[in-house]
Every structure is written in structure tokens, then in C-alpha cells.
Amino acid sequence: MGRSGATRETKDGEFLELVSSRTGQLYRSACLLTGGDTHQAEDLVQEALSRMYVLWRRTAWTGGRHRIDNPGAYAHTVMVRTFLAQRRRRSSTERPTGELPEPEGREADRTLRLTLLDALARLPAKDRAVLVLRYWEDRSVEETADVLRASSGAVRTRTTRALGRLRILLGDSLAELATH
């Protein structure tokens, strides 16, 4: 096999390694972005990984390594941008519903989690995205700004407003659920 075949096999192998190590994290974030709709979350992860693969095959390699500095973070960025692009194209006000799968043995906080997911699902897509990036994925303001293609100030403002909207949606129910 020629030199390009070996490079293609190396690229494919590293991409499969990325997929196997990051799919779970991508799926959990996608579930939050889609408001707990597991089917839509699966589609979102698949779409993001498909886009990543096309980019992965085109991106130049140097010294036997891929030029994307942090492929895992970049996959999350592609997924969030895909989510936001889908939301912009969506013409209806349809609200998908569904439940985020719960791990075994965590029945005690199920109601709290479902209440939070429901409130998160009722937020606008960009508010949801900024909260998922900042608080679920624990990204900095600057990293979030880069993903959302916004300024750091815009991310701070959107975060504050999104948290305020979330507090209004949750009302007193969060304090009640957290104490049980």
C-alpha cells in the first residue's frame, strides 16, 4: 500500500479513537442541549461526528500528528454550532420532549433532574447552549465565546440573563426539590 493509504489508515484509526473516547460526553451534552430528547441528541451527535470526519480527512497532518490541537473540545464545538444552526433553521415552535436516561441507583434526585431538564428545555436555544457550555462542560467565558462566535462580554451577559430566566422558570420548586 502506498504512502497515502497508510496516512488514511492512521487518520481513520485516530478518528475512531476520538469517537470512542468522546461519544459519551458528546451525548450527555447533546441531551442537555436538546432538552432531554434522546433521539434528537443521538442525531445531533451523529451529525457532529459526521462533520468532524469530513474535516478530519481534509485537515493537514504534520509530523505524523493531526493539526487540530484539542480534537475532543473541537468535537464539542462542532456539536454546539450544529445545534445552534439547526435551531436557527427550525421554523416551528415545536418543543420536543423526552427523558434523559438515568443511571441505575439514582432515583433520589430524579425529580430534581427532570425539573431542571424541563426548565432548561424551555429556554431559548442560545441561552441553553451558553449554560451547557459554561456549567455542564465547565468551559471558560473565552472558550464559550469562541464556540458561540461571540464576544466575552456577550457571553457574560447571556449567561446572567439565562440564569435569571432559569431561576424564574424554577421559582421555589428548586429549593423544595433540593431539600428532599
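Above: the structure in question.
Since the model is a prediction, treat every value here as computed from it, not as a measurement.

How each quantity is defined
- Residues numbered from 1 in each chain as written.
- Predicted model: local features only at pLDDT ≥ 70, side-chain atom pairs only at ≥ 80, totals over all residues.
- Heavy atoms only, no water.
- Phe/Tyr/Trp six-rings, centres within 6.5 Å; stacked < 30°, edge-to-face > 60°.
- Lys NZ or Arg CZ within 6 Å of the ring centre and 35° of its normal.
- Buried < 20%, exposed > 50% of the residue type's maximum accessible area, 1.4 Å probe, protein only.
- Helix = DSSP H or I, 4+ residues; strand = E, 2+ residues; numbered from the N terminus.
- Arc of directions from axis to C-beta.
- Contact = heavy atoms within 4.5 Å.
- Core = buried A, V, L, I, M, F, W, Y, C linked by side-chain atoms within 4.5 Å.

J.: Is there a simple way to explain the packing of aromatic side chains in this structure?
T.: The description of an aromatic ring pair rests on the distance of the ring centres and on the angle between the ring planes. Across all of its chains, the model carries one aromatic pair by this definition. Seen from the ring of Tyr135, Arg134 lies directly overhead, with NZ or CZ sitting 5.6 Å from the centre.

J.: Would you explain helix H6 (residues 141-148) in this entry?
T.: Every α-helical turn comprises 3.6 residues, leaving residues that sit three or four positions apart pointing alike. Buried residues of H6: Val141, Thr144, Ala145, Val147 and Leu148, and no others. All buried residues of H6 fall inside an arc of 160° around its axis, so they share one side. Looking one or two residues past H6, Arg149 carries a phi angle of roughly 55°, positive in sign.

J.: It is not clear to me how the side chain of Thr159 should be interpreted in this structure. Could you clarify?
T.: With respect to the secondary-structure elements, Thr159 resides in helix H7 (residues 152-170). Using a relative accessible area of 6% as the deciding quantity, one classes Thr159 as buried. In contact with Thr159, not counting residues within four places along its chain, are Val130, Leu131, Arg134 and Tyr135.

J.: How do you make sense of the nonpolar core when you look at a structure like this?
T.: One broad rule of soluble globular proteins: the nonpolar side chains tend to lie buried together. By size, the foremost hydrophobic cluster in this structure holds 39 residues, and its most contacted members are Leu33, Met52, Met79, Val80, Leu84, Leu131 and Leu148. Contributions of two or more residues to this core are made by helix H1 (3-33), helix H2 (38-58), helix H3 (71-89), helix H4 (110-121), helix H5 (125-136), H6 and H7. Discounting chain neighbours no more than four positions away, the residues touching Leu33 are Leu44, Met79, Val80, Phe83, Arg128, Ala129 and Val132.

J.: Would you explain the side chain of His76 in this entry?
T.: Position of His76 among the secondary structure elements: in helix H3. Among residues more than four places away in sequence, those in contact with His76 are Arg22, Gln25, Leu26, Ser29, Glu137 and Arg139.

J.: I would appreciate a short explanation of the environment of Leu32 in the present structure.
T.: Within the element layout of this structure, Leu32 appears in helix H1. When its relative accessible area of 11% is taken as the criterion, Leu32 is described as buried. If we skip the residues at most four places from it in the chain, Leu32 touches Leu117, Leu120, Arg128, Val132 and Trp136.

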